[in-house]
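Each chain is listed here by its residues.
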Amino acid sequence: MALKDALKKLNDAVNDLTSLHVQTFTGTLDLEVPQDGNFDSLKDKLKTAKTKGTVSLVAESLFKFDGDSYNFVTNQADDIPDKAFSVHQSAINSGLETRRSLLNLFKNLINW
Amino acid sequence: MASPRFPQYPFDDAITGDQDTDSVEQLGEFDEILDHAHDKGVIDIAPVDKFSAENAQAHEIRNRTIAARLWLLGYLPAKPGKDESAQDIFSVRFKEAVKQFQQEAGLTVDGWVGDESWYALDSLVSFESDIQIEKWYQNDHPRPALERAVQLRLFSLGLFPSKPELDFSGLPEMAVNEFRSINTMLKLTETHLPVGLHRETVQVLFDQDHIVEKLADAGASASAARHSFTISRPSNMKRKTAHALVNRFIINVAKIELWLLGFNVDIDGKDDYSISSAALHDHNLKLFGAMFRYYRQLLEIKRRKALKLAKTITPELFLSIREVHRRTRGMDDSDMEGDYSHEIAESSELSSNEKIENAWGVIRKRSVSLWDGIKRLWRWIVRGIKKIISFFKNNIFKAFFRYATKAFKIVKTAIGSVIQSINYILKSVMKDSALDTAIIWHDADFDQTVLVNREAEPDKLAALVRKQNIQTVLFQLGTAILGFIFGTFKRIVTGLFGWARLLSSLVRNLKEIKPLYRKLKSLSS
């Protein structure tokens, strides 16, 4: 894919860069690996699992463009596997830094 | 004769607008401009496959060099003329010559010059490349391509009557005997060199830096005044014969060194100058002019003394060259290339569209000299003698071309990294997600849902985190590099437009993007 096409697809897909929302769950799911490698279908099952209580929320973070933020971390730490929090933090970092990179790139372009 | 003009590209309409949406278009256009620069031969990088190698215009600069090197080794009947077109150079005969070289060099015979064939040719012809001797022997026998290269090097040093030609049928073992005698007389090595095309002999023959080092030694040991060279004449060699042989050798080593620095001298193997205090005869005026400028303008020696030094080749020449080389010993090429991209981009020789077009026109017509002498250029700059750059316009152009090519490669790599990252972003599930570890869903707004398996192994989770972090940093670095170059491209307001603007923006940012590129490469590997 050429850069033009990649940027256009990204531009079309991006709706809202004003906030970042990251949720991390843990649990043991009775699931099968999708034959087609399409993990999206599992996301629906995640919703059901949340309702049934077979997965639990480890941490949730919401960052808004105006600086407001919200962070929740479970107090049931004993049930949480090691590194789960680092996965959550990594996801936040990835989201924030990737958005920042994109915004910086376009900021440079329009500020000349 | 007017310099060849850049190929046309509709630049001025492409990059306009200042809205976010237009920015996306603009960046996309910029990538297309880069590809166009390559297709039209404005920037020439190695072809990645046989198909892309067929684009003669895109690879005119490299093909001209390849053809010149093949001619030097006797695979082609003549070197490419300055007025030969890209298509003329990239002829059937050229491709056949490439195949013959590849066969004689033990390479894949496919008729196109990718990195492997390019570096093989370079190691045989360039005075600054490492010969990588083991590659050139098969069952202890030198490959035919090496034999040609040995003859060429001997010719360059005045130790063989001619360079290899089309009728080359092998080099007799005794061909290196004069060099072996030189080795003994000038003590290039501690012991005598073996007979024939032995690895050890060939290694010394191709080590130009080492030869200069030893000539400097031979001068330094002769006398405090450094007027003559010490030689250890074998008892079975007449004095006159020994001196004639050594003189011829020294004259041609000097020619090679001055040529590498950018002076206009011919590497012709001739014995046409004076050594030390020997009687003057048949003065090579080109060499005299080069020597005088070397002493007077490069080393800033007073005129009278420079004139005196230039009349003969004395140890002073090699001692001064060695002094520069020694200051950079242990540094690798990328360190030495340094950060002189700003100086080059700001040079008065490249300050307008016409001048950059002219530089490009000169570059297009150069061949072998475009790719040799770069190490010496950097050594003198690192030594603090930056005037080597402005000393010759061709050195500026050479550096400009190298910098632009490097920056181009970096930017294309960055674009590849950005595209890869965008593909990752657009895929809603992170690669390497697995039910036994964790699944990471993300949307294009970068919001994420993570499911960590309660039974997940810590090592696997850690690996997943690392991969995500790497992906993030790759995107950061890729967009930073792209932002630098494109930002400069849009900001240049000094009257540069079209290809000149592109080339200038590439060179101006090389210093900034190189460290980002190193990080990007280390993460990608």
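Given the structure is predicted, the values throughout are model-derived calculations rather than measurements. (Residues numbered from 1 in each chain as written. Chains lettered and ligands numbered in written order. Predicted model: local features only at pLDDT ≥ 70, side-chain atom pairs only at ≥ 80, totals over all residues. Heavy atoms only, no water.)

1. Thoughts on the overall build of chain A
Right, so step 1: The secondary structure content of chain A amounts to three helices and three strands.
Right, so step 2: Traced from its N-terminal end to its C-terminal end, chain A shows the element sequence α-β-α-β-β-α.
Right, so step 3: Counting over 112 residues, chain A shows a buried share of 40%.
Right, so step 4: Taking contacts inside chain A between residues at least 6 apart in sequence as the whole, the part at least 24 apart equals 67%.
Right, so step 5: With the model as given, the accessible surface of chain A reaches about 6500 Å², and the carbon-plus-sulfur share is 46%. (Helix = DSSP H or I, 4+ residues; strand = E, 2+ residues; numbered from the N terminus. Buried < 20%, exposed > 50% of the residue type's maximum accessible area, 1.4 Å probe, protein only. Contact = heavy atoms within 4.5 Å. Areas by Shrake-Rupley, 256 points an atom, 1.4 Å probe, with all protein chains shown as cover.)

2. With respect to the packing of aromatic side chains
Residues and elements named next belong to chain B.
Right, so step 1: Going through the model one piece at a time under the given rule, you end up with 13 aromatic pairs over all chains.
Right, so step 2: Seen in terms of ring centroids, F30 and F489 are 5.1 Å apart; in terms of plane orientation they differ by 50°. Their pairing is tilted. Of this pair, F30 sits in helix 1 (residues 20–39) while F489 sits in helix 22 (residues 458–491); the two residues are 459 residues apart in sequence, bridging distant segments of the chain. The residues F30 and F489 share a single accessibility class, namely buried.
Right, so step 3: Ring-pair connections join several aromatic residues into one group, and the members of that group are F263, Y294, Y295 and W380.
Right, so step 4: Geometry around Y75 places R148 over its ring, the cationic atom sitting 4.0 Å from the centre.
Right, so step 5: Its end group placed over the ring of F489, R501 keeps NZ or CZ at 5.1 Å from the ring centre. (Phe/Tyr/Trp six-rings, centres within 6.5 Å; stacked < 30°, edge-to-face > 60°. Lys NZ or Arg CZ within 6 Å of the ring centre and 35° of its normal.)

3. Things to note about the sheet that holds strand 3 (residues 438–442) of chain B
Right, so step 1: Strands sit in the order 3(A)-2(A)-1(A)-4(B)-3(B) across an open sheet of five strands; the sheet is mixed. Only two strands of the sheet have a single neighbouring strand rather than two, namely strand 3 (69–73) of chain A together with strand 3 of chain B. Geometrically, the sheet is characterised by an average inter-axis angle of 10° between neighbouring strands, direction not taken into account.
Right, so step 2: Across nine bridges, the pairing between strand 1 (residues 19–27) of chain A and strand 2 (residues 55–64) of chain A is antiparallel. Its bridge partner being in strand 2 of chain A, T26 of chain A is matched across the sheet by S56 of chain A.
Right, so step 3: Running at roughly 25° to strand 3 of chain B, helix 22 of chain B makes contact with strand 3 and strand 4 (448–453) of chain B of the sheet. (Pairing = 2+ DSSP bridges. Axes fitted to C-alpha atoms, helices over the stretch in contact; angles between N-to-C directions.)

4. As for the pairing of strand 3 of chain B
Residue and element names in this part refer to chain B.
Right, so step 1: Within strand 3, five of the five residues are buried, leaving the element largely enclosed by the surrounding structure.
Right, so step 2: Burial of strand 3 is two-sided: the residues A438, I440 and H442 facing one way and the residues I439 and W441 facing the other way are all buried.
Right, so step 3: Following strand 3, the chain reverses through five residues before pairing antiparallel with strand 4; F446 in that reversal takes a positive phi of roughly 75°.

5. Quick look at the confidence of the model for chain B
Low pLDDT means the predicted coordinates in that region are not meant to be read closely.
Residue and element names in this part refer to chain B.
Right, so step 1: Per-residue confidence for chain B gives a mean pLDDT of 85, with 89% of residues at or over 70.
Right, so step 2: Of all the helices and strands in chain B, helix 15 (residues 333–337) carries the lowest mean pLDDT, 64, while helix 7 (residues 144–156) carries the highest, 98.
Right, so step 3: Low pLDDT, under 50, characterises residues 12–21; the predicted model gives this stretch 17 contacts beyond four residues in sequence or across chains.
Right, so step 4: Scoring the predicted complex yields pTM 0.82 and, for the interface, ipTM 0.86. (pLDDT = per-residue confidence, 0-100.)

6. Observations concerning helix 7 of chain B
Residue and element names in this part refer to chain B.
Right, so step 1: In a regular helix each residue adds 1.5 Å, so 13 residues correspond to 18 Å; helix 7 covers 19 Å between its end C-alpha atoms and thus fits that length.
Right, so step 2: Of all 13 residues in helix 7, twelve are buried; the element is thus mostly enclosed.
Right, so step 3: Buried within helix 7 we find A145, L146, E147, R148, A149, V150, Q151, L152, R153, L154, F155 and S156.
Right, so step 4: G158 sits one or two positions beyond helix 7 and adopts a positive phi of about 80°. (Expected span 1.5 Å × (residues − 1).)

7. Description of the pattern of salt bridges
Residues and elements named next belong to chain B.
Right, so step 1: Enumeration according to the criterion identifies 29 salt bridges over all chains in this entry.
Right, so step 2: Two residues, R376 and E128, come together in a salt bridge whose shortest N-O distance is 2.8 Å. Placement of the pair is R376 in helix 19 (residues 374–382) and E128 in the loop between helix 6 (115–125) and strand 1 (137–138), with a sequence separation of 248 residues.
Right, so step 3: On the accessibility criterion, R376 (1% relative accessible area) is buried. (Salt bridge = Lys/Arg side-chain N within 4 Å of Asp/Glu carboxyl O.)

8. Focus on the pairing of strand 2 of chain A
Right, so step 1: One ladder, built from five bridges, connects strand 2 of chain A with strand 3 of chain A; its direction is antiparallel. Counterpart to F63 of chain A in the pairing with strand 3 of chain A is S69 of chain A.

9. Some remarks on the nonpolar core
Right, so step 1: By size, the foremost hydrophobic cluster in this structure holds 184 residues, and its most contacted members are I313 and F318 of chain B.
Right, so step 2: The dominant element in this core, judged by the number of residues it contributes, is helix 21 (residues 393–426) of chain B, at 18 residues.
Right, so step 3: In this structure, F25 and V55 of chain A together with V429 and W441 of chain B belong to the second largest nonpolar core, which totals six residues. (Core = buried A, V, L, I, M, F, W, Y, C linked by side-chain atoms within 4.5 Å.)

10. Describing the layout of surface pockets
All names here are of chain B.
Right, so step 1: Approximately 1200 Å³ is the volume found for the largest pocket.
Right, so step 2: Taken together, 38 residues form the lining of the largest pocket, with W118, Y119, R402, K406 and K409 sitting closest to its centre.
Right, so step 3: Mapped onto the lining of the largest pocket, the elements with two or more residues apiece are helix 6, helix 15, helix 19, helix 21 and helix 24 (510–524).
Right, so step 4: Within the lining of the largest pocket, the residues separate by chemical class into 16 nonpolar, six polar and 16 charged.
Right, so step 5: Roughly 930 Å³ of internal volume is contained in the second largest pocket.
Right, so step 6: Lining of the second largest pocket is provided by 34 residues; of these, K79, W259, S367, V368 and S369 occupy positions nearest its centre.
Right, so step 7: When contributions to the lining of the second largest pocket are tallied by element, the ones reaching two or more residues are helix 3 (60–72), helix 6, helix 7, helix 18 (368–371) and helix 21.
Right, so step 8: If you tally residues by element for the lining of the second largest pocket, the top one is helix 7, at five residues. (1 Å grid on protein atoms, 1.4 Å probe; cavity = no way out; pocket = protein on both sides within 12 Å on 5 of 7 lines; lining within 4 Å. Points joined across faces, edges and corners; volume = space filled by probe spheres on them. Nonpolar A, V, L, I, M, F, W, Y, C, P; charged D, E, K, R; others polar.)

11. Observations regarding the environment of K460 of chain B
Residue and element names in this part refer to chain B.
Right, so step 1: Mapped onto the elements, K460 comes out in helix 22.
Right, so step 2: Judged by relative accessible area, K460 falls into the partly exposed class, the value being 36%.
Right, so step 3: Taking the C-alpha atoms as reference points, K460 and V24, separated by 436 residues in sequence, lie 37 Å from one another.
Right, so step 4: Aside from chain neighbours lying at most four places away, what touches K460 is D436 and T437.

12. Some details on the packing of helix 17 (residues 353–365) of chain B against helix 21 of chain B
Residues and elements named next belong to chain B.
Right, so step 1: Between helix 17 and helix 21, whose axes approach to 10 Å, the crossing angle comes to 90°. When the interaxial angle is binned, helix 17 and helix 21 end up roughly perpendicular. Residues I356, N358, A359, V362 and I363 of helix 17 form the contact with helix 21, whose own contacting residues are N394, F397, K398, F400 and F401.
Right, so step 2: When the residues that make up the contact of helix 17 with helix 21 are grouped by side-chain class, the tally is seven nonpolar, two polar and one charged. (Parallel < 35°, antiparallel > 145°, perpendicular 65-115°, else oblique.)

13. Side note on empty space enclosed by the protein
Residue and element names in this part refer to chain B.
Right, so step 1: By the definition in use, this model includes four cavities of 30 Å³ or more.
Right, so step 2: Taken as a whole, the largest cavity encloses approximately 100 Å³ of empty space.
Right, so step 3: In this structure, the largest cavity is lined by P47, A53, E54, H59, R62, N63, I66, F90, F94, G111, W112 and V113.
Right, so step 4: Top contributing element to the lining of the largest cavity by residue count: helix 3, with three residues.
Right, so step 5: Each residue belonging to the lining of the largest cavity can be placed in one class, and the counts come to seven nonpolar, three polar and two charged.
Right, so step 6: Size it by volume and the second largest cavity reaches roughly 80 Å³.

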